[in-house]
Amino acid sequence: MTDQDLFSREHKIIQEAEQRLQSGDFRDNVLYEPFCELLEAYKKLFRQTKRLVKMGDRMQSDLNELNSELQCHKEKLAQMSYVDGLTSIANRRRFNEYLETEWNRAVRTGLPLGLVLLDIDFFKQFNDHYGHSAGDECLVLVARALSACIKRSSDLVSRYGGEEFAVILPETDFSGAKSIAEQIQTSIRDLGIVHGYSRIAPYVTVSIGIASCVPDEKNSHMELLEVADKQLYEAKEAGRNQSRGQDGLDRNQT
């Protein structure tokens, strides 16, 4: 909207007053001088008002831009709070929230939910002998290998803690989760990261725990996590560099 549109009434008043003055109809009238002064004062006030309006428009524009930048920063901060700083995949917080969300969704849909937990074998020895920089690089490479195995946008790869990772697989039964776990294990072996201090292989390997179930309201997502964690423990106890899995939440199932 232009000034002419915004102040159309004021423009009209000034134009009519100036035309009246130019016509000379009341030049000899005693009100002529006061009228001229009043008109000049009105025009001055009008100019100041227009400047204030333009200033207000600029301030509003600046405020809108600032709000947009703040919203952008807010979104970036929110995203950062869900991302692991080292590996750039989802962190533990994001994992916890997403697992609960997908569990609740699966309760509604009646579809299965798969979960894979994995741990780098003898990572402490790797860190101790090759240094933390090499250890960090190992974690980054493993995270990349994991991400490369996941094709669906609904699946979530996360760093669960330390050298432990997790993969949430919505709408995935035990057979599908097991297939993903096998791909992960092969992919990490194929990285060929030298590990001269491992007791089971000359390269970096992982132990994997697999769990899958059809969620219901009688159970919780934490129970699925507990089963996967138990299976991971059993894979380690069995000698590492392998996977163990369980279909369903029955604690006695093997």
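Note that the structure is a prediction, hence the values are computed from the model and not measured. (Residues numbered from 1 in each chain as written. Predicted model: local features only at pLDDT ≥ 70, side-chain atom pairs only at ≥ 80, totals over all residues. Heavy atoms only, no water.)

1. A closer look at the overall build of the chain
For step 1, the next point in the chain: Helix and strand content of the chain: eight helices and five strands.
For step 2, the next point in the chain: Counting from the amino terminus, the chain carries its helices and strands in the arrangement α-α-α-α-β-α-α-β-β-α-β-α-β.
For step 3, the next point in the chain: A burial count over the chain gives 38% of its 254 residues as buried.
For step 4, the next point in the chain: Accessible surface, the chain: about 15,000 Å² in total, of which carbon and sulfur atoms supply 50%. (Helix = DSSP H or I, 4+ residues; strand = E, 2+ residues; numbered from the N terminus. Buried < 20%, exposed > 50% of the residue type's maximum accessible area, 1.4 Å probe, protein only. Areas by Shrake-Rupley, 256 points an atom, 1.4 Å probe, with all protein chains shown as cover.)

2. Quick notes on the pattern of salt bridges
For step 1, the next point in the chain: Under the criterion given, the structure shown has eight salt bridges.
For step 2, the next point in the chain: Residues Glu 97 and Arg 93 are paired through a salt bridge, measuring 3.7 Å at the closest nitrogen-oxygen approach. Taken as a pair, Glu 97 and Arg 93 lie in helix H4 (residues 92–109) at a separation of four residues, close to a single helical turn.
For step 3, the next point in the chain: For Glu 97, a relative accessible area of 31% translates into the label partly exposed.
For step 4, the next point in the chain: Residue Arg 93 is classed as partly exposed on the basis of its relative accessible area, which comes to 44%.
For step 5, the next point in the chain: Where Asp 128 meets Lys 124, a salt bridge forms, and the shortest distance between an N and an O atom there is 2.8 Å. Of this pair, Asp 128 and Lys 124 both sit in helix H5 (residues 123–130), four residues apart, which is roughly one turn of the helix. (Salt bridge = Lys/Arg side-chain N within 4 Å of Asp/Glu carboxyl O.)

3. Observations regarding helix H6 (residues 132–149)
For step 1, the next point in the chain: In this model, H6 (18 residues) spans 26 Å end to end at C-alpha, consistent with the 26 Å of a helix rising 1.5 Å per residue.
For step 2, the next point in the chain: The set of residues buried in H6 consists of Gly 135, Cys 138, Leu 139, Val 140, Val 142, Ala 143, Ala 145, Leu 146 and Cys 149. (Expected span 1.5 Å × (residues − 1).)

4. Observations regarding unusual backbone geometry
For step 1, the next point in the chain: Even without being glycine, Phe 122 reaches a positive phi, approximately 50°.
For step 2, the next point in the chain: If you trace the backbone, Phe 122 turns up in the loop between strand E1 (113–120) and H5.
For step 3, the next point in the chain: Backbone geometry places Asn 241, a non-glycine residue, at a positive phi of 55°.
For step 4, the next point in the chain: As for its placement among the helices and strands, Asn 241 is situated in the loop between helix H8 (221–237) and strand E5 (243–247).
For step 5, the next point in the chain: A relative accessible area of 19% means that Asn 241 is categorised as buried.

5. Comments concerning the pairing of E5
For step 1, the next point in the chain: The pairing of strand E4 (residues 206–213) with E5 spans five bridges and is classified as parallel. Within E5, the position partnered with Ile 210 by the bridge is Gly 245.
For step 2, the next point in the chain: Taken together, E4, H8 and E5 form a β-α-β motif whose crossover is left-handed. (Pairing = 2+ DSSP bridges. Right-handed = clockwise from strand over helix to strand, strands pointing away.)

6. Quick look at a nonpolar patch on the surface
For step 1, the next point in the chain: Taken together, Leu 52, Met 55 and Met 59 make up a surface patch of nonpolar side chains, about 330 Å² in accessible area.
For step 2, the next point in the chain: With respect to the secondary-structure elements, Met 55 resides in helix H3 (residues 32–80). (Patch = residues over 30% accessible without salt bridge, like charges linked within 9 Å, V, L, I, M, F, W, Y side chains within 5 Å.)

7. A word on the nonpolar core
The tendency in soluble globular proteins is for nonpolar side chains to be buried side by side.
For step 1, the next point in the chain: Val 116, Leu 118, Ile 120, Phe 165 and Ile 184 are the most contacted members of the largest nonpolar core, which has 28 residues in total.
For step 2, the next point in the chain: Those elements giving two or more residues to this core turn out to be E1, H5, H6, strand E3 (164–170), helix H7 (174–191) and E4.
For step 3, the next point in the chain: Per-element accounting of this core gives the leading share, seven residues, to H6.
For step 4, the next point in the chain: Counting 20 residues, the second-largest nonpolar core is a separate cluster that includes Leu 113, Leu 115, Leu 117 and Ala 211. (Core = buried A, V, L, I, M, F, W, Y, C linked by side-chain atoms within 4.5 Å.)

8. Remarks on the side chain of Asp 121
For step 1, the next point in the chain: Positionally, Asp 121 belongs in the loop between E1 and H5.
For step 2, the next point in the chain: Buried and without a salt bridge, Asp 121 has Arg 240 as its closest oppositely charged side chain, separated by 4.1 Å.
For step 3, the next point in the chain: Side-chain polar atoms of Asp 121 contact the side chain of Ser 207, separated by 2.6 Å.
For step 4, the next point in the chain: In this structure Asp 121 touches His 195, Ile 200, Thr 205, Val 206, Ser 207, Arg 240 and Asn 241, once residues within four positions along its chain are discounted. (Lys, Arg positive; Asp, Glu negative; His and termini not counted. Polar contact = N/O pair within 3.5 Å; in protein donor to acceptor, adjacent residues only side chain to side chain. Contact = heavy atoms within 4.5 Å.)

9. Comments concerning the sheet that holds E1
For step 1, the next point in the chain: The strand order across the open sheet formed by five strands is E2-E3-E1-E4-E5, and the pairing between neighbours is mixed. For this open sheet the edge positions go to strand E2 (156–161) and E5, each flanked by a neighbour on one side alone. Looking at each pair of strands side by side, their axes are set apart by 15° on average, direction ignored.
For step 2, the next point in the chain: Contacts from H6 reach E1, E2 and E3, with the element oriented near 15° to E3. (Axes fitted to C-alpha atoms, helices over the stretch in contact; angles between N-to-C directions.)

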